[in-house]
Amino acid sequence: MGVVRTAERRKAELEELHREIVRTISLTTKGGKWKKEGHDNFVIEEPAEENNKLVCVTSGISLLGFAIVNRLLSRGYLVRIVLESQEDLERLGEMGAGENCKRISVMMAQLTNLESLCEVFSGCSGVFHTSSYVDPAGLSGYSKHMADLECTAAEKMIEACARTESVRRCVFTSSLLACVWQANDNHLDRPRLLDESCWSDETLCRDKKLWLALGKTKAERAVWRIAQEGDVKLTTICPALVTCPQLSHRNSTATIAYLKGAKEMYRKRSLATVSVDLVAEAHVRVYETQGACGRFICYERVIDREEDAAQLVPQIATAESVGTQTSVESEPPLELSNSKLYRLMCPLSSCKKP
């Protein structure tokens, strides 16, 4: 997870990681399992056979990455976490994760190096690509350079999946930002449905300097193109703003980057949130579900009222980033839809039914 950290942030993240590892070890010893059942055309599979249980998670010590690791461990998988730097390896080493959780292994790889990725994916039946580039030293946490790195890493990752014989499936973490930034259709006088068929306009993202939206859009388009050429079974998750307890302390840089353009998203009713636990569950569910393919928008709550915005502000500690202005009449609002994910996960999830 290409991140530049200050000494103070490293210390805070180290302490947080220790708490997360302790919690994960406790959860995984309980061995809970979901029961098998089907919804619509989806069929939930039982956990993979022993020789297919090893899966790989990039950036597995990030907020979302570690939540996905939690879910996988609770399902009986062996998890290989991909780290990019010696610093990240030392953080895990200080926590003693390898000794305390025997079903977690760690390998080093540069996400922009194809050969390195092929090596770490070898033997894995599935890959969860959660890595995202952020720069805490920057004002927005994400720059145009980060967007280029995001796309390059995604391309190398999916190419490695295509080249690695053992990999049967890839679940890619995109973003709702890859869907919402479309050119205005001012001639429409009704809400525009925003679902998995919608893509953000890259030119618009560049003009507005929405670098995270640009990076996620470019990266997801790239993995779909390469997956189709390389015959990789790919699914992408497009989550809204990921939230959790003490969000401002645990995911501040990614949150700031996501909220660039928040005032306009609020006016268009496309600013939404989702808990990290639900996003993690969605990743594992689509991985284990036959017939789950394509893109899945993942959100729980649309921030479209002043009271909703007021409740969000204390969590993200960036009051100036969320406006509460009334809607701009010349811009028709968007109508978000998570019905595809709802059909897959209902009734076991708390997805908001559209």
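Right, let's walk through the structure included here. The structure presented is a predicted model; accordingly, all values stated were derived computationally and were not measured.

### Notes on the overall build of the protein chain
Piece 1. A tally of helices and strands in the protein chain yields 15 helices and 15 strands.
Piece 2. Among the 354 residues that make up the protein chain, the fraction classed as buried is 56%.
Piece 3. Of the contacts made within the protein chain by residues no fewer than 6 positions apart, 77% connect residues no fewer than 24 positions apart.
Piece 4. Here the protein chain has roughly 15,500 Å² of accessible surface; of this, 48% comes from carbon and sulfur atoms.

### Observations concerning the environment of Met 265
Piece 1. In this fold, Met 265 is placed in helix α12 (residues 262-267).
Piece 2. Residues Met 265 and Pro 333, spaced 68 residues apart in sequence, show a C-alpha to C-alpha distance of 9.2 Å.
Piece 3. Residues within four places of Met 265 in sequence aside, it is in contact with Leu 177, Val 180, Trp 181, Tyr 258, Ser 270 and Leu 271.

### Digging into empty space enclosed by the protein
Piece 1. For the coordinates displayed, the defined rule picks out two cavities of 30 Å³ or more.
Piece 2. Approximately 70 Å³ is the volume attributed to the largest cavity.
Piece 3. What lines the largest cavity is a set of 12 residues, and nearest its centre among them are Leu 210, Trp 211, Leu 212, Ala 257 and Lys 260.
Piece 4. At the level of secondary structure, the elements contributing two or more residues to the lining of the largest cavity comprise α9 (211-230) and α11 (252-258).
Piece 5. Tallying contributions element by element places α9 first for the lining of the largest cavity, with three residues.
Piece 6. The residue makeup of the lining of the largest cavity, split by class, is nine nonpolar, one polar and two charged.

### Remarks on the sheet that holds strand β10 (residues 241-243)
In a beta sheet, neighbouring strands pair by backbone hydrogen bonds and run either parallel or antiparallel.
Piece 1. Spatial ordering of the open sheet is given by β10-β11-β14, a layout of three strands whose pairing is mixed. Because the sheet does not close on itself, it has two edges, and the strands there are β10 and β14 (301-302).
Piece 2. By the bridge criterion, three bridges tie β10 to strand β11 (residues 272-275) in an arrangement that is parallel. By the bridge assignment, Val 242 is partnered in β11 with Val 274.
Piece 3. On top of the sheet, helix α13 (residues 276-288) reaches β10 and β11; it is set at about 75° to β11, its chief contact.

### Looking at the packing of helix α6 (residues 144-163) against α9
Piece 1. Look at α6 against α9: their axes get within 8 Å of each other, and the N-to-C directions meet at 20°. In terms of orientation, α6 lies roughly parallel with respect to α9. Considering how the two elements wind past one another, α6 and α9 form a crossing that is right-handed. Facing Lys 144, Ala 147, Asp 148, Glu 150, Cys 151, Ala 154, Glu 155, Met 157, Ile 158, Glu 159 and Ala 162 of α6, the residues of α9 in contact are Trp 211, Leu 214, Gly 215, Lys 216, Lys 218, Ala 219, Ala 222, Val 223, Arg 225, Ile 226, Ala 227 and Gly 230.
Piece 2. Taken together, the residues that form the contact of α6 with α9 break down as 13 nonpolar, two polar and eight charged.

### Some words on α6
Piece 1. Between the first and last C-alpha of α6 there are 29 Å, a value that for 20 residues agrees with the 28 Å anticipated at 1.5 Å per step.
Piece 2. Of all the residues in α6, the buried ones are Met 146, Ala 147, Glu 150, Cys 151, Ala 153, Ala 154, Met 157, Ile 158, Ala 160 and Cys 161.

### So, the packing of aromatic side chains
Piece 1. Considering all chains together, one arrives at two aromatic pairs under this definition.
Piece 2. Between Tyr 77 and Tyr 287 the ring centres are 6.1 Å apart and the planes differ by 70°, which places this aromatic pair in the edge-to-face class. With Tyr 77 in the loop between α2 (63-74) and β4 (78-83) and Tyr 287 in helix α13, this pair connects stretches of sequence that are 210 residues apart.
Piece 3. Pairing Phe 128 with Tyr 287 gives two aromatic rings, centres 5.0 Å apart and planes at 50°, and the pair type is tilted. Of this pair, Phe 128 sits in strand β6 (residues 126-129) while Tyr 287 sits in helix α13, and the two are 159 residues apart along the sequence. Side by side, Phe 128 and Tyr 287 carry an identical accessibility label, which is buried.
Piece 4. What links up through ring pairs into an aromatic cluster is the set Tyr 77, Phe 128 and Tyr 287.
Piece 5. The positively charged end of Lys 340 is found above the aromatic ring belonging to Phe 296, 4.4 Å away from the centroid.

Parameters at a glance
Residues numbered from 1 in each chain as written. Predicted model: local features only at pLDDT ≥ 70, side-chain atom pairs only at ≥ 80, totals over all residues. Heavy atoms only, no water. Helix = DSSP H or I, 4+ residues; strand = E, 2+ residues; numbered from the N terminus. Buried < 20%, exposed > 50% of the residue type's maximum accessible area, 1.4 Å probe, protein only. Contact = heavy atoms within 4.5 Å. Areas by Shrake-Rupley, 256 points an atom, 1.4 Å probe, with all protein chains shown as cover. 1 Å grid on protein atoms, 1.4 Å probe; cavity = no way out; pocket = protein on both sides within 12 Å on 5 of 7 lines; lining within 4 Å. Points joined across faces, edges and corners; volume = space filled by probe spheres on them. Nonpolar A, V, L, I, M, F, W, Y, C, P; charged D, E, K, R; others polar. Pairing = 2+ DSSP bridges. Axes fitted to C-alpha atoms, helices over the stretch in contact; angles between N-to-C directions. Parallel < 35°, antiparallel > 145°, perpendicular 65-115°, else oblique. Left-handed = near helix turned anticlockwise from the far one by under 90°. Expected span 1.5 Å × (residues − 1). Phe/Tyr/Trp six-rings, centres within 6.5 Å; stacked < 30°, edge-to-face > 60°. Lys NZ or Arg CZ within 6 Å of the ring centre and 35° of its normal.

Spatial relationships are all this shows, so hold off on functional conclusions.
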